[in-house]
Amino acid sequence: MAEEERLVKQVSPKSEDFSKWYLEIIRKTEMADYAPMKGMMVIRPYGYAVWESIQRLLDRRLKAAGHVNAYFPLFIPESFLQKEMAHVEGFAPEVAWVTQGGREELEERLAVRPTSEAIIGSMFAKWIKSYRDLPVLINQWANIVRWEKVTRPFLRTTEFLWQEGHTAHATEEEARKETLDILNIYREFIETELAIPTVAGRKTDWDKFAGALQTYSLEALMSDGKALQMGTSHHLGQNFSNVFGIRFEDQNQALQHVWQTSWGVSTRLIGAVVMVHGDDSGLRFPPAVAPVQVVIIPISMGDWKNTVLPVARRIKEDLLGAGIRVTLDDREEFTPGWKFSDWEMRGVPLRLEVGPRDVKEGKAVAVKRDERRKASIPMDSLPETVNRLLDEIQAGLLRQARAFLADNTRVTDDYEEFKRLVESRRGFLLSPWCGARECEEKVKQETAAGIRILPLDEDPMPEGRCLACGRKSVSRAVFARAY
RNA sequence: CGGGGAGUGGCGCAGCCUGGUCAGCGCGCCUGCCUUGGGAGCAGGAGGUCGUCGGUUCAAAUCCGACCUCCCCGACCA
């Protein structure tokens, strides 16, 4: 973007240094700030509002699918965590421990939950006795702690907020269906509300959740061409029900272990919204999750307080009445031009300018954040018009994100071309793969792009030869550099 | 966790090599006037134990050590 077109000059251009842009934008828009402890951040009101929207919109969907919310303890006794070997080994490097309570050393140390399969499994064992108790469909909104070595606001922090679903079923088939149903709920939610298209797939065995039979995930492409995992859903099989003794008596009076699933999305989604939709001028929020959907800026000229301001206030009331998240920026210490730039940086989808001319004509100037084009709209029937414009913006952002994903997803079975593509444009690369871990390792070593997922949708290259070794491929894989 | 870089008013930085009127600049902030349709102007003003702790020295933002935090690259990562 040419310098004179960069109306918001407070932020580094995204195209120049993506990482710097990301960190800068998050702090300048007051979404989050660093806390004094390594890897921890404060989610400020402007960022937390996005999380609240995510919670509201996803919670609605989970409940519609029969799930209910509950809350389990933050601490997990070490012995509980250790019951499932793959689980404890998978999480060992990143568990924080409590060893002291008050002045006394604890007899058994307590893990600060890195995830809640263990504690919830132990409770399921108490609650489930009969097939009539099934299925159990529980969700929890909670904070968790993972002692990560490399952290980044929203994308990976030591403590973060998420939603974790835990279900128990009578049959494997039911659990498998639940795992995939949830993946679809996530995909629809992320696409509809966050305006981010994703690719669904299965994780490789060495990349799956510690303690799961299979892990599925959704991958999205950030605008710097790197992949980000947006959510995961695990088919846990009977691994946890075996060790925690979660048994029920079936219709034939036989004792059986339940089949379980677990799944989650986190505050990382907020980082994805920033990285997918943001531009050189700052954030661009999809209206569905925007902290502020509409900002009204009165043009302060002449006798504006008596002429313009009352009209601006009435517009605000009208929009509030229509359930729109609206702010009236009537601060006197800033010029209109300054406010335009400021709210653009903050990603507000729609701006309404109201000046003396507009008041006279019974109109307002509407400017969509995604296109930044001005249009005069009549003041009567504003709520309807605004809602329509917000819908257009929501759809426009999704359209752009889809186009970007399509442009940056390429199919190749030629390793040399693969290397060139990864180097020049990154993105998703769909390539045939033989199933061997060594082959992924080789590709990852040489290109920094690993296998994100094995996509669930149809394989356009079923008869391929492995990218790395040339043997017959078992599947196509989505390769990408990732966060 | 390994390699590299950085920490100086709210933000962005200069000063450090060569210790001593170096506590400095831009933006922001406060007061007043004047302005306001794309980050206005003028005048005046406030604000910093130079990341923390320790050491060297007559004297430390500056030299040395440890620690904390951030950034980049790599390893690791439901």
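Residues numbered from 1 in each chain as written. Chains lettered and ligands numbered in written order. Predicted model: local features only at pLDDT ≥ 70, side-chain atom pairs only at ≥ 80, totals over all residues. Heavy atoms only, no water.

Asker: Teacher, can you tell me more about the sheet that holds strand β19 (residues 374-378) here?
Answerer: Whether parallel or antiparallel, the strands of a sheet pair through hydrogen bonds between backbone atoms. If you walk across this open sheet you meet the 5 strands as β16-β15-β17-β18-β19, and the pairing is mixed. Edge strands, defined here as strands with exactly one partner in the open sheet, are β16 (326-328) and β19. If you compare each strand with its neighbour and ignore which way they point, the axes differ by 25 degrees on average. Judged from the 3 bridges that link them, strand β15 (residues 294-298) and β16 form a sheet pairing that is parallel. Residue pairing for β16: V295 is matched across the bridge by T327. Strands β15, β16 and β17 (350-354) of the sheet are contacted by helix α9 (residues 304-321), whose axis makes an angle of about 170 degrees with β15. Along the sheet, helix α12 (residues 382-407) makes contact with β15, β17, β18 (363-368) and β19, crossing β17 at roughly 145 degrees. (Pairing = 2+ DSSP bridges. Helix = DSSP H or I, 4+ residues; strand = E, 2+ residues; numbered from the N terminus. Axes fitted to C-alpha atoms, helices over the stretch in contact; angles between N-to-C directions. Contact = heavy atoms within 4.5 Å.)

Asker: Please clarify how the protein's contact with RNA strand B should be interpreted in this entry.
Answerer: If you check the shell around RNA strand B, you find 45 residues, and the closest are S19, R146, F209, W338 and D358. Close to the protein, within 4 Å, the atoms of RNA strand B belong to sugar or phosphate groups at a rate of 41%. Those elements that provide at least two residues to the surface near RNA strand B are α1 (18-28), β8 (159-169), β11 (227-237), α10 (336-345), β17 and α11 (356-361). Here the surface near RNA strand B gets 7 residues from one element, more than from any other, and that element is α10. Class assignment of the residues belonging to the surface near RNA strand B gives a composition of 19 nonpolar, 11 polar and 15 charged. (Near = heavy atom within 4 Å. Nonpolar A, V, L, I, M, F, W, Y, C, P; charged D, E, K, R; others polar.)

Asker: Explain empty space enclosed by the protein here, please?
Answerer: Vacant regions in the atomic arrangement are exposed by a probe of water-molecule size rolled over the atoms. If you walk through the whole model with that rule in mind, you get 2 cavities of 30 Å³ or more. There is about 40 Å³ of room inside the largest cavity. In this structure, the largest cavity is lined by V295, W343, E344, V348, P349, L350, R351, V367, K368 and R369. Secondary-structure elements contributing two or more residues to the lining of the largest cavity are α10, β17 and β18. Tallied by class, residues from the lining of the largest cavity come to 6 nonpolar, no polar and 4 charged. Its boundaries defined by the atoms lining it, the second largest cavity holds a volume of some 30 Å³. (1 Å grid on protein atoms, 1.4 Å probe; cavity = no way out; pocket = protein on both sides within 12 Å on 5 of 7 lines; lining within 4 Å. Points joined across faces, edges and corners; volume = space filled by probe spheres on them.)

Asker: Explanation requested: the side chain of E164 in the structure shown.
Answerer: In this fold, E164 is placed in strand β8. Here E164 occupies a buried position and makes no salt bridge, while the nearest side chain of opposite charge, R113, is found at 5.0 Å. Engagement of the side chain of E164 in a polar contact is seen with the side chain of H166, the distance being 2.7 Å. Not counting residues up to four positions away in its chain, the partners in contact with E164 are R113, T115, S116, I138, N139, Q140, I144 and W263. (Buried < 20%, exposed > 50% of the residue type's maximum accessible area, 1.4 Å probe, protein only. Lys, Arg positive; Asp, Glu negative; His and termini not counted. Salt bridge = Lys/Arg side-chain N within 4 Å of Asp/Glu carboxyl O. Polar contact = N/O pair within 3.5 Å; in protein donor to acceptor, adjacent residues only side chain to side chain.)

Asker: Honestly, the domain arrangement of chain A in this entry has me stumped. Any pointers?
Answerer: A common way to report how large an interface is uses the accessible area buried once the components associate. The domains assigned to chain A are domain 1 (3-277), domain 2 (292-389) and domain 3 (409-480). On a C-alpha basis, the centroid separation for the pair domain 1 and domain 3 is 27 Å. With 19 residues of domain 1 at the contact, the number on the domain 3 side is 16 residues. Summing both partners gives a buried area of about 1,500 Å² for domain 1 against domain 3, and 67% of it is carried by carbon and sulfur. For R426, the salt bridge goes to D224, with nearest N and O atoms at 3.9 Å. Where domain 1 touches domain 3, the interface holds 6 residue pairs in polar contact (both at pLDDT 80 or more). Elements with a minimum of two residues in the side of domain 1 that touches domain 3: α6 (172-193), β9 (199-202) and β10 (214-221). Broken down by element, the residue count for the side of domain 1 that touches domain 3 peaks at 5 residues, all from β10. (Domains from an automatic or database assignment. Buried area = accessible area lost by both parts, 1.4 Å probe.)

Asker: Please clarify how unusual backbone geometry should be interpreted in this entry.
Answerer: Leave glycine aside and you will find that most residues have negative phi; peptide bonds, for their part, are mostly trans. Look at the link from L134 to P135: it is a cis peptide, with omega at -5 degrees. In this structure, R372 takes a positive phi of about 60 degrees despite not being glycine. In this structure, R372 sits in the loop between β18 and β19. Using a relative accessible area of 24% as the deciding quantity, one classes R372 as partly exposed. A positive phi is found at A448, a non-glycine position, where the angle reads about 70 degrees. In this structure, A448 sits in the loop between α14 (437-447) and β22 (450-455). Taking relative accessible area as the criterion, A448 reaches 44% and is therefore assigned partly exposed.

Asker: Would you explain the sheet that holds β8 in this entry?
Answerer: Reading across the sheet, the 11 strands line up as β3-β7-β8-β14-β11-β10-β9-β22-β23-β21-β20 and stay open at both edges, with mixed pairing between neighbours. Two strands in the sheet have a free side with no partner beyond their single neighbour: β3 (68-69) and β20 (409-411). Sheet topology note: the β3/strand β7 (residues 136-145) ladder contains 2 bridges and is parallel. If you follow N69 over to β7, its bridge partner there is N139. Running over the sheet, helix α5 (residues 117-127) touches β7, β8, β11 and β14 (259-266) and is turned about 30 degrees from β8. Where α6 meets the sheet, its contacts fall on β7, β8, β9, β10, β11 and β14, and the angle it forms with β14 comes to roughly 15 degrees.

Asker: Explain the pairing of β9 here, please?
Answerer: Where a strand is regular, its side chains alternate between the two sheet faces. Both β9 and β10 contribute to a ladder of 4 bridges, which runs antiparallel. Looking at β10, one finds that V199 is bridged to E219. Sheet analysis places β9 next to β22, joined by 2 bridges and oriented antiparallel. When the bridges of β22 are listed, G201 appears paired with P455.

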